[in-house]
Structure formats: C-alpha cells, structure tokens
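Listed below, chain by chain, are the residues.
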Amino acid sequence: MVQYVKPSICACCGCEDRHRKGSFIAEKNWPNLLYLKVTDAFILKHTPKTRFTYICHQLDGLLLDPKGIRAVDKDFGKFEMYLCQDCKGYLYRNVMPRLALNNHLYRGELPDELKNVTWVEEMACSLYKTTAHVTRIYGSNKSSDPLQMHGNACAHPLDICSAVKILPWTPTDLNDLISIIFVGPRKLTEKDLQKLKPFFVRREVIRKLLNMLCHHNQLYIGLPPPDAEHLALFPEYGLLPGLEERIVY
C-alpha cells in the first residue's frame, strides 16, 4: 500500500509544494537571504518579535514560514530549509521571489480563536468582493448515505472595482456571490442544511475578526468600527441568512 506523504512547506512563501519540485537545502548551501529580512515598520510594530525567531538563530529577523525549517540532528546543530522550485530559483539569482512572504504578502497571524473562521465569515470582512467562487458540497463522505449532498456553488459576475466603506458586508451582499444548484431526489431538509458548515456564520467571530484586521492590517487602517446594524443581521451561529432561498433544485 502506498502511503501518502504531505507536501513540504516552502520557508520563503509558506506554500505547500504540491508539485514536489523543491528540496531541503543544507545550511552551508543556503542562498543569499537578505531579501527576506523584515524591514516593514508596520509589521515590526504590530507583530511579536518571537514571530521572527526560529530554531536556527541564524535566520532570526527574516520573514519565513517556520514549518519549512528543520533540524537534522538531535542537538540542533545543523539545519535545513525547504524551498520550492520558484523561490529557490529567484533567491539563487539574488532576486526577491514574487510569492515571498516578505514581498508585501504577509498579513500577520490570526489568534487561535479566529483560526477556524468560515469562508463566508472571511467574505463578510473582506474589502473587496470576489467575482467567482466555486465549491463542491458534500453532506456526507459515505456513498451509502441517502442524504449525501452533491452540488455546485457558483458566483455571478460583479463589479471588480467594488470596494466597501462600511464593514461587514450584509448577508444580502454575500448572497449576491452565491448560487447553489442541488441535484437530488428531493429538496433539502432543515437537517440537510445544517451540513453546509462552510456557509455558517457567527456574529461574534465576524466582529472579532474585523477588530483584529483594523488594528493589525495596513489595508484596514482608517476604516470605521464594525457597523452594529450590519452585524445585527447575522445570527449568533447559523446558516447565512437568505442562503436557503438561493438554492436551485
């Protein structure tokens, strides 16, 4: 039996190397990492210094994904860094990698209480609405389950320049992104709808996420506090209001 091995994480861009074309590089062969040194004053002010401290102290002060760094001996005397093919090529040419975290792509760290935000909760707090979102919905992973749901969620074209002045977006705004086409022998019951977890929202999570973004993300600086009237339109915990009416049978 073939055992699945998770893709390695690139220390430079933080992406999973699904193509598996990168490699772990011994410390003595590391390229010039000067481009990965954190110099952004906003990031330095709003991020704990421990975020830029690694098991290999030679890397301290750089903006890396720690999951891409490992010790190769039990005494932590030698280290390796994983670089995907893209980032490795740029760094060995002394060029800033286009997807490097330090190339204006780092947006801070989510606190533990916000690491399980749903897609809809993220969209409620986004500055721009997406123009397309496609997903496959599974209500069960058992093919024998008669209530197993298969479907597609499709977004209709929107104004790509549409930006928000007040956050969060309302449920009506978010529903404009989504249409769900369900193929099945009957309409979904209330119990079936409870399986659509990616489309669940929590009012308090949206509020906390917005407050965190306004204090730690440069793009949100200057925005007014979360709008109380918009927040009141979301449930404490439940399916996005109005989504049930967007389902086409």
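Figured I'd write up the structure that's included with this text. Quantities reported herein were computed from a predicted structural model and do not represent experimental measurements.

The antiparallel open sheet is built from three strands, whose spatial order is 1-3-2. Strands with a single pairing partner mark the edges of an open sheet, and in this sheet they are strand 1 (23-26) and strand 2 (69-71). For this sheet, the mean inter-axis angle between neighbouring strands, taken without regard to orientation, is 30°. Strand direction decides the pairing type here: strand 1 and strand 3 (residues 79-83), joined by four bridges, are antiparallel. Across the sheet, residue A26 finds its bridge partner in strand 3, namely E80.

By size, the foremost hydrophobic cluster in this structure holds 35 residues, and its most contacted members are L174, I178, F199, I206 and L240. Among the elements of the structure, helix 3 (119-124), strand 6 (179-182), strand 7 (200-201) and helix 6 (203-216) are those that each provide at least two residues to this core. At seven residues, helix 6 tops the list of elements feeding residues into this core. In this structure, W30, C56, L62 and L63 belong to the second largest nonpolar core, which totals 27 residues.

A separate point is the environment of S8. Note that S8 resides in the segment before strand 1. Take S8: its relative accessible area is 24%, and that puts it in the partly exposed class. Placed eleven residues apart in sequence, S8 and H19 show a C-alpha to C-alpha distance of 9.9 Å. S8 has contacts with C15, E16, D17, F24 and Y82, leaving out every residue within four places of it along the chain.

Attention now goes to the packing of aromatic side chains. Inspection of the entire model under this criterion finds three aromatic pairs. Here the aromatic rings of W119 and F199 are separated by 6.1 Å at their centres, their planes lie at 80°, and the arrangement is edge-to-face. With a gap of 80 residues between them, W119 in helix 3 and F199 in the loop between helix 5 (190-193) and strand 7 connect regions that are remote in the sequence. You'll find W119 and F199 in the same group, each marked buried.

What counts as what
Residues numbered from 1 in each chain as written. Predicted model: local features only at pLDDT ≥ 70, side-chain atom pairs only at ≥ 80, totals over all residues. Heavy atoms only, no water. Pairing = 2+ DSSP bridges. Helix = DSSP H or I, 4+ residues; strand = E, 2+ residues; numbered from the N terminus. Axes fitted to C-alpha atoms, helices over the stretch in contact; angles between N-to-C directions. Core = buried A, V, L, I, M, F, W, Y, C linked by side-chain atoms within 4.5 Å. Buried < 20%, exposed > 50% of the residue type's maximum accessible area, 1.4 Å probe, protein only. Contact = heavy atoms within 4.5 Å. Phe/Tyr/Trp six-rings, centres within 6.5 Å; stacked < 30°, edge-to-face > 60°.

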